[in-house]
Amino acid sequence: MATQTSDLLAAAAPRTVTVIHGIADDQLDLPTPCREYTVRDLLNHLYDVVVNFQALAAREPVTWADKPDHLTDGWRDRFETQTRQLVEAWSDPASEQGISPGMGMPQQVVGGMALLDLTVHGWDLAVATGQAYEPAPAVLPVLHELADQLGPTARQMGVFAEPVAVDTALPDLPRLLGVTGRDPRWSPAG
């Protein structure tokens, strides 16, 4: 059985997994649009998101304090497997019910946060490593609504940077990037 969250994650995940598989080992120290993160740092963060949000779907406790290096032998394939497991975890209808004990917000919002990270960090990693990235069209309206909802708190907590002004006539992705504090014109060269 599927849920709205699992359907959206299933649409978004292959696009980010493709980017992950396209990252060469000699690109791990490159900068990303996330100011203080190299490609390696952002990959490890996204890996933590994919693993921890599986537990959050099941209302299990998670810790963000551990910072293991996930980029050991076979990390690309393991990321793909963990991403599939993330989609499966959110396919349980109970995953979208009630308030998250670990996050203190509605479970649907928590699932949306995983979707947001998978999509936006997919773009971050693609642009940092010179790859094309086109998000799943179905996720963008949901992510715009979520980013608008979470924006003020996310900025206060340092999760989002200050918004970047983006022409409202641009497509959905550049506008979403701007709301999350990214410059859609970012490049590794500056």
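Residues numbered from 1 in each chain as written. Predicted model: local features only at pLDDT ≥ 70, side-chain atom pairs only at ≥ 80, totals over all residues. Heavy atoms only, no water.

## Side note on the confidence of the model for the protein
Turning to step 1, where the next piece is worked out: Looking at the protein, the pLDDT average stands at 93 and 99% of residues meet or exceed 70.
Turning to step 2, where the next piece is worked out: For the protein, helix α5 (residues 139–156) is the element with the lowest average pLDDT, namely 91, and helix α3 (residues 75–89) is the one with the highest, namely 98. (pLDDT = per-residue confidence, 0-100. Helix = DSSP H or I, 4+ residues; strand = E, 2+ residues; numbered from the N terminus.)

## Structural notes on the pattern of salt bridges
Turning to step 1, where the next piece is worked out: The final tally for this structure, using the stated rule, is 6 salt bridges.
Turning to step 2, where the next piece is worked out: Put simply, Asp69 and Arg40 hold a salt bridge, and the shortest N to O gap is 3.2 Å. On the criterion of sequence distance, the pair formed by Asp69 in the loop between α2 (39–57) and α3 and Arg40 in helix α2 is long-range, its members being 29 residues apart.
Turning to step 3, where the next piece is worked out: Note on Asp69: relative accessible area 41%, which makes it partly exposed.
Turning to step 4, where the next piece is worked out: For Asp183, the salt bridge goes to Arg185, with nearest N and O atoms at 3.2 Å.
Turning to step 5, where the next piece is worked out: Overall, Asp183 belongs to the partly exposed group, its relative accessible area being 26%. (Salt bridge = Lys/Arg side-chain N within 4 Å of Asp/Glu carboxyl O. Buried < 20%, exposed > 50% of the residue type's maximum accessible area, 1.4 Å probe, protein only.)

## With respect to the packing of α5 against helix α6 (residues 172–179)
Turning to step 1, where the next piece is worked out: Running from N to C, α5 and α6 point in directions that differ by 10 degrees, and their axes come no closer than 9 Å. By the angle between their axes, α5 is roughly parallel relative to α6. α5 and α6 meet at a crossing whose hand is left-handed. Residues Leu140, Leu143, His144, Ala147, Asp148 and Arg155 of α5 form the contact with α6, whose participating residues are Asp172, Leu173, Arg175, Leu176 and Val179. (Axes fitted to C-alpha atoms, helices over the stretch in contact; angles between N-to-C directions. Parallel < 35°, antiparallel > 145°, perpendicular 65-115°, else oblique. Left-handed = near helix turned anticlockwise from the far one by under 90°. Contact = heavy atoms within 4.5 Å.)

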